[in-house]
Number of protein chains: 2
Amino acid sequence: MTGNLYTLSEIVDKKFAHGEEVPQNIINSIKQIISGGGFIGMAQINPIAGNIEYNAKKIAKYIKYACKIGLDMIVFPELALMGYPIEDTIDRHPIIVDENIKWLKGLAKITIGTTALVGFIEPRLADSEGKKYFNSVGILKDGKIAGIIRKSLLPNYSEFNDYRYIEPSPVVGLQPANTLGCFDRQNIADSPKIFEKYGISICEDCWNNKEFFDKNLYEKDPIEELAQEKPEIFINCSASPTRAKKEQLKHNMLSFIANKYKTPIVYVNQVGAIDNSSFDGSSRVFDTNGNLIARAKSFEEQLLIVNPLKNIGKIYPLTGGLDKSLTEQKIFTLEYESDLERTYKTILQGIRDYFKKCGFKRAVLGLSGGLDSTVCAVLLADALGKENVFGISMPSKLTSKESKSDAEQLAHNLGINFTEASIRPMVDTTTECLNNLFKTVAEKWDGRYKASFTPDNVQARSRAMFLWGISNEFSSCIPIATSDKSELYMGYATINGDMSGGFAPIADVPKTKLFAFARWLNNNRPEKNAIPEAIILKKPGAELAIDPKTGKPLIAEDALMPYEFLDEIIWRIENKNEGYQDLINTKFVYENHNPVSKEQKTEWLDKFFRRMSTALYKWSILPPSVIVESRSINKYDYRQPITSSGIDYKGINEAEITKELNSV
Amino acid sequence: MTGNLYTLSEIVDKKFAHGEEVPQNIINSIKQIISGGGFIGMAQINPIAGNIEYNAKKIAKYIKYACKIGLDMIVFPELALMGYPIEDTIDRHPIIVDENIKWLKGLAKITIGTTALVGFIEPRLADSEGKKYFNSVGILKDGKIAGIIRKSLLPNYSEFNDYRYIEPSPVVGLQPANTLGCFDRQNIADSPKIFEKYGISICEDCWNNKEFFDKNLYEKDPIEELAQEKPEIFINCSASPTRAKKEQLKHNMLSFIANKYKTPIVYVNQVGAIDNSSFDGSSRVFDTNGNLIARAKSFEEQLLIVNPLKNIGKIYPLTGGLDKSLTEQKIFTLEYESDLERTYKTILQGIRDYFKKCGFKRAVLGLSGGLDSTVCAVLLADALGKENVFGISMPSKLTSKESKSDAEQLAHNLGINFTEASIRPMVDTTTECLNNLFKTVAEKWDGRYKASFTPDNVQARSRAMFLWGISNEFSSCIPIATSDKSELYMGYATINGDMSGGFAPIADVPKTKLFAFARWLNNNRPEKNAIPEAIILKKPGAELAIDPKTGKPLIAEDALMPYEFLDEIIWRIENKNEGYQDLINTKFVYENHNPVSKEQKTEWLDKFFRRMSTALYKWSILPPSVIVESRSINKYDYRQPITSSGIDYKGINEAEITKELNSV
């Protein structure tokens, strides 16, 4: 019987996705199946930040459906009406908060015969101390706001900034009616007591169990407090973006809570991307023993119907990589395979939602025949449709025949639009103009470099001129910045050149992972081997300059350091917060098969910290991108003053300090 | 006698500024003057974020001097050792926290015969709940850390993000010795009780008086708690950046606190700029009746010696504009005069410190003969020295003779380097290349604009190509982005063009203020009238396109709306959080002398919200700039998701909502 429930529900999900009516016979069948009561709908939706009307209408469709089939309750993610994160927008444009209240009241009116939990921003009473708003969930029932739940724990790290405009709620569970300032009495039901069977919390509220975590970020544990009321079911409304290796922690924690309190937990997570954060959905239910009994799909909108007390649910498979084991969290490895499906879907959703939510359809990018632009092209073709991608090979005099033919072959394999446009005339004219200008400047200024990066950068900027030109000339089209994480760390990217674009799909993917990713794409897309083997095999290099030692185009690893070594430095800094001395004393994976002298290691590390320090400015002007790894340099995730470029990452010992201070 | 103290101290400040020894006879004289005891040195220093060695050596010089002259105490700003703000750096690179502890211990060792209050980041005990660090002040005395003060109130709005990595201290005043985890017992003095005569707090801790403020951000009032201990003197270590109209609030509040508790307050503020925030110093003392008895200079490092209990101090004049009255806070006005000196010094310090702290010396900018580049050129000449500025006139075929000659005249008047370099060859070549490319793209893609901005943007980008070229070719030089606040709100700036640069000096100055600013610069700089009158009189326009109606270069106000109207919209949104309907119902200052029809007003407001929505992306990639006004769009101050571009700023009434939801 319940097998049939999920077969039918999958049809319903498709109807919703295509904006079609759900046939009455399906409604009748599902209604019949769940007529015994106790069924909850987990509606993991993809909202648009601040677009209250869009979000409310989406929620309304689900609520009406829940009414029709007779669900006990339908649960939406955190801030479902507003979209999460909404950031500082609610402070500067309080109109959207007013709107979210009006639409919430409207939604209450259509909630007849079921109960809906809808996340929204709640303005506090005007004379309250503290911030202006609560991050709340409205309990809508029979035309009214039957109760309010407010978030107590406010994450304020990485991509989270809840505490900027949200006041932490001192009270967990149902809020006292006299604090419900933004609603008239007529909107509020009289007896919220009927909801005490549910212990409802919001996102971070369930991330502070004192037994589960070695270290807790907050004193208060809202779940522990809710548990005192002996609820029958815990419900948590969340908006938790995917990051490398986060899923298993979440799984274990939710399972632990359910088992510890012998209370099932229903966890409903947002899906979709909002700017740099990509949310994976994967909403789920654990039973009283902490066993997983239901899990929605990853990276897709879905309404999953469950009965937590009768152990009715369906476990959809998790996107590969979400399930990566916790033990791998603290060990660097070049084995990326297990995280690549998650990486793919995280970025695909990031691209798709950025374009859709901003009103773009098409992307144009330079195809150099190199790995970065290649992987970007594949991702764009899959996210936007091949007809909406234009790849341009833009050779200079340094571009090899192979690069051109590899790029063309790739475009052909993908079926994307392709053309070749030489930058030589632009580079020649620009170079001539610049050389004249430089002569004049040199009459007044010293400090002209003997070997400057000007020629390299003129090429990269001429290419960007082409791409932005197309974006200016054709509607709904933006250019793509193809920089990867390893090269951004080294500042190995040209301002107004390859790091410029409307979106940067792989800015949080390190180079060694990109190689593995390219192979994975070749093996796992319906069209196998779209990426020519030559592209994966060739050593990365921007083909912007000649290496004086070899007379051939410069190889990036020669200019920087081996990518395997570089990526391990990055990983150790981001994941283990290691400093210069730690890194000197660490045996790198690279060293297992390549002997590295102390001098060489010192040279690479010195170069790394020097280049990273001067790359801070570039990070600050990087286009929006998708956060993929557990830590990133995305500016909405990590902020470091640009003027901190003088930091001494090596440190100095106390004896030297005494000496230095004595000589001041 | 004390008159002599300040004459001598000014000599000392100059010696410090020039890195020279203070002559022994001056030390002897000052020592003599303050020998009665009770004197406190307020050391408002300009630190570099994260550069512990630089900051510690600066602090050491002052401490040694304090020891020599026999000050009772020397007080430094909040986080003096680390620089404020340090942002997420302390999380990712904990080595700088280790370093700041080592240097703090070193500083304690040289503090003999005086007491020093030095702000630093304090790691919490490893097993503590909550964030990893406290924002603390160390009391250094006789070679030891004699006590610790910790910040309780953590600002987390606008440019402040303290709560990301800082744990609020539950205890005000001197901390219990058993919580001092990062110091050995040997570093800690035995009897911190001797410091109970001082009620010491950190920055935001004094911004929550329940009588003074109508609305309070926090429940706790650390000053009220400190007052219970009946200290003789309050001391507050601060890092409070200047914003329009903030000073008088600060003045009134500190005065109120001193008078309320009949306790003098010594307030020491950071000076200098760290990235986007410019700190004004202006440290001060209020006596037991709330009267100002001492105030240090604005925007300059200084050691001001005071005796709070004997009312000995000197009041240096405030930079004009810092003293602007509170009543003006909520009224829009085009009378900018009173804020222009502050604006000037805020930006000048912002430019100077960004360059110095990043290791740059020279700036190159395009001189169009327009207002934006003109004001930037003046500010750069004053901040960096005229020999370090290169102005380039880069005419296209649309550039008028007047624009060229105005630019040249300006450069001549300022004495900066100047040359002319035509972009015509680059524009011609690029346009030809692009047109060929567009033909190919148009074979595959529809949606080619009939009248695109491509030609305009090619000009702006060609100019940026010149400027970045010079930056790549000559050492220590960065190009300047000349965009102003009004045009950034409208997205009236070219990506990789005029909005691109290493620094954006006037990104937070609205256009109408720039006109007043230009006149102010002409009247108040030593060289009067450096800006040719023609530049101030001409109507702004980018000279990038021809207006089809007039056959002349397009005037910006025709493409956008009158700047007076535009700037009032911006001001009302930022300062009063008004929405579309409020703005429709507001009588604008512009309307006092220009009748505006309802249709016209609606058209302008519609245009404003439409353009602002699509400008969010441009704000996200704007170079570092100086925050000047009370609110800004600087991305470290204000964040709004780019994908929120679909926000309906007009709103919708409840009846419509009901209708909309019924039809879902």
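None of the values given here were measured: they were computed from a predicted structure. (Residues numbered from 1 in each chain as written. Chains lettered and ligands numbered in written order. Predicted model: local features only at pLDDT ≥ 70, side-chain atom pairs only at ≥ 80, totals over all residues. Heavy atoms only, no water.)

In the predicted model, chain A carries a mean pLDDT of 94, and the fraction of residues at 70 or more is 96%. The ipTM value of the predicted complex is 0.96, and its pTM value is 0.96. (pLDDT = per-residue confidence, 0-100.)

Taken together, the contact pairs 149 residues of chain A with 148 residues of chain B. When chain A packs against chain B, close to 12900 Å² is buried across both sides, 59% of that on carbon and sulfur atoms. When residues of chain A are sorted by the area they lose upon contact with chain B, A:R92, A:W445 and A:R639 head the list and together hold 8% of the total. Run the count over chain A and chain B and you get 14 salt bridges. Residue A:D91 is joined to B:R631 by a salt bridge in which the shortest nitrogen-to-oxygen separation is 3.3 Å. With 13 residues, helix α12 (residues 454-473) of chain A is the largest single contributor of residues to the side of chain A that touches chain B. Its residues placed into classes, the side of chain A that touches chain B shows 68 nonpolar, 43 polar and 38 charged. (Contact = heavy atoms within 4.5 Å. Buried area = accessible area lost by both parts, 1.4 Å probe. Salt bridge = Lys/Arg side-chain N within 4 Å of Asp/Glu carboxyl O. Helix = DSSP H or I, 4+ residues; strand = E, 2+ residues; numbered from the N terminus. Nonpolar A, V, L, I, M, F, W, Y, C, P; charged D, E, K, R; others polar.)

What follows deals with unusual backbone geometry. The amide bond that connects A:Y84 to the next residue, A:P85, takes the cis arrangement and shows omega of 0°. Phi at A:K262 takes a positive value of approximately 50°, unusual for a residue other than glycine. Relative to the elements of secondary structure, A:K262 occurs in the loop between α7 (247-261) and β8 (265-269). Here the phi dihedral of B:N311 falls at roughly 55°; this positive angle occurs in a residue that is not glycine. Residue position: B:N311 is located in the loop between β13 (302-306) and α8 (340-358).

Structurally, the position occupied by A:I573 is in helix α17 (residues 563-576). Owing to a relative accessible area of 0%, A:I573 belongs among the buried residues under this scheme. Linking A:I573 and A:K618, residues 45 residues apart in sequence, is a C-alpha distance of 19 Å. Setting aside its immediate chain neighbours within four residues, A:I573 contacts A:E578, A:L583, A:F608, A:F609, B:R92 and B:H93. (Buried < 20%, exposed > 50% of the residue type's maximum accessible area, 1.4 Å probe, protein only.)

All names here are of chain A. Where helix α8 (residues 340-358) meets helix α9 (residues 371-384), the axes come as close as 9 Å, and the angle between the chain directions of the two elements is 60°. Here α8 is positioned oblique relative to α9, judged by the angle of their axes. α9 is crossed by α8, and the crossing has right-handed handedness. For the pair α8 and α9, contact is made by Y344, I347, L348, I351, R352 and F355 and by L379, L380, D382, A383 and L384, respectively. The residue makeup of the contact of α8 with α9, split by class, is 9 nonpolar, no polar and 2 charged. (Axes fitted to C-alpha atoms, helices over the stretch in contact; angles between N-to-C directions. Parallel < 35°, antiparallel > 145°, perpendicular 65-115°, else oblique. Left-handed = near helix turned anticlockwise from the far one by under 90°.)

This part takes up helix α17 (residues 563-576) of chain B. With 14 residues, α17(B) extends 19 Å between its outermost C-alpha atoms, agreeing within 8% with the 20 Å of an ideal straight helix rising 1.5 Å per residue. Counting buried residues in α17(B) gives 12 out of 14 residues, a clear majority hidden from the surface. Residues B:Y563, B:F565, B:L566, B:D567, B:E568, B:I569, B:I570, B:W571, B:R572, B:I573, B:E574 and B:N575 constitute the buried set of α17(B). For α17(B), the elements touching its buried residues are α4 (89-92) of chain A together with α13 (485-489), α14 (511-524), α16 (556-559), α18 (580-585) and α19 (598-620) of chain B. Once α17(B) finishes, B:N577 follows within two positions and takes phi at roughly 55°, a positive value. (Expected span 1.5 Å × (residues − 1).)

Residues and elements named next belong to chain B. One open sheet accounts for 5 strands, arranged β6-β7-β8-β11-β12; its pairing is mixed. With partners counted over all chains shown, the strands left at the sheet margins are β6 (198-202) and β12 (292-295), one partner each. Between one strand and the next, the sheet's axes are offset by a mean angle of 15°, whatever the strand orientation. Here β6 runs beside strand β7 (residues 233-238); their pairing, made up of 5 bridges, is parallel. From the neighbouring strand, Y198 faces β7, where its bridge partner is I233. Contacts from helix α7 (residues 247-261) reach β7, β8 (265-269), β11 (284-286) and β12 within the one sheet, and its direction differs from that of β11 by about 40°. (Pairing = 2+ DSSP bridges.)

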